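# Breakdown of the fold
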Amino acid sequence: MNEPALVVDGLVENPREFALADLAGLPADAQIEDVSRFHSKRKGDGVALEAVLDRVRPLPEANYLTLHADRDDFHVSIPLQAVRAEGIVVYRLGDRPLGVEQCGPFRFLIRDPAACHTSELDDCANVKYLSRIELSHRRGRDTRPRTDDEHAKLHEESR
Ligand SMILES: Nc1nc2c(c(=O)[nH]1)N[C@H]1C(S)=C(S)[C@@H](COP(=O)(O)O)O[C@H]1N2
Ligand SMILES: [Mo]
């Protein structure tokens, strides 16, 4: 089986993929151990989004960051400036990649998310099964549910 890797591309100087060892090799001060400290239901270790962005170097015209989950075709697009310091990429549980049970191989988390559909940085932006982060000039695809009804439907489907 191929090792999972997170693609980071679009309006960046250095588009690339990050496997577990690449993320684990980012600076110690960017590592966020044990995300269950933020939310008891979420497990594993992560790294600050900012450290990932430092490696790919967004171009000055990059205004939006889009989180893609190919597995279930879920997408979230947020203004780059709003998310840059708030995002965490969870990438391992112990010394193994996150499994699908942990919403892996990568899970995006916002440090302090607002309630669903109340802000750009809401719970809905905590993208599971993250496969790609794309930088762009204009807002990218965003399939977040916008109403309580849409939420109810989405949670029904993912059961
Ligand atoms: N890939 C993917 N990520 C997703 C969703 C989804 O349907 N697919 N739902 C979002 C919504 S609407 C919410 S509120 C949170 C719920 O995260 P939790 O199950 O960890 O509480 O995940 C978000 N991330
Ligand atoms: Mo949500």
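Anything mentioned here points back to the structure above.
This write-up is about the structure you can find in this document. (Residues numbered from 1 in each chain as written. Chains lettered and ligands numbered in written order. Predicted model: local features only at pLDDT ≥ 70, side-chain atom pairs only at ≥ 80, totals over all residues. Heavy atoms only, no water.)

### Some remarks on the site of ligand 1
Here is the rule: Any residue with a non-hydrogen atom lying within 4 Å of a molecule or strand is treated as near it. We call two N or O atoms a polar contact when they sit within 3.5 Å, provided that within protein one can donate a hydrogen and the other can accept it, with sequence-adjacent residues counted only if both atoms are side-chain atoms. The Shrake-Rupley method, run with a 1.4 Å probe, gives the accessible areas here. Residue values count only the displayed protein chains as cover. Following the grouping adopted for this structure description, the nonpolar residues are Ala, Val, Leu, Ile, Met, Phe, Trp, Tyr, Cys and Pro, the charged ones are Asp, Glu, Lys and Arg, and the polar ones are all others, Gly among them.
Within the structure, ligand 1 sits among 15 residues, and Arg42, Asp72, Arg107, Asn126 and Lys128 are positioned closest to it. In this structure, a nitrogen atom belonging to ligand 1 sits 2.9 Å away from a main-chain N or O atom of Asn126. Within the side chain of Lys128, one N or O atom sits 2.9 Å away from an oxygen atom of ligand 1. Isolated, ligand 1 exposes 540 Å² of accessible area, and the fraction of that covered by the protein chains is 87%. Looking at side-chain class alone, the shell around ligand 1 contains eight nonpolar, two polar and five charged residues.

### Remarks on the sheet that holds strand β9 (residues 132-136)
Applied cut-off: The pairing criterion for strands is at least two bridges between them, as found by DSSP. Here a helix means four or more residues in a row that DSSP labels H or I, a strand means two or more in a row labelled E, and each is numbered from the N terminus. Axis definition: a line fitted to C-alpha atoms, over the contacting stretch in the case of helices. Angles run 0 to 180 degrees between N-to-C directions. Contacts between residues were defined by any pair of non-hydrogen atoms, one from each residue, lying within 4.5 Å.
Within the open sheet, the five strands sit side by side as β2-β1-β9-β5-β6. Their pairing is mixed. Pairing within the sheet leaves two strands with one partner each, and these edge strands are β2 (16-19) and β6 (74-79). Going from strand to strand, the sheet's axes swing by 20 degrees on average, the running direction of each strand aside. Pairing of strand β1 (residues 5-10) with β9, which is carried by four bridges, proceeds in the parallel orientation. Within the sheet, the bridge partner assigned to Asp9 lies in β9 and is Glu134. Against the sheet, helix α2 (residues 49-56) makes contact with β1, β2, β5 (64-69) and β9, and its axis sits at roughly 140 degrees relative to β2, the strand it touches most.

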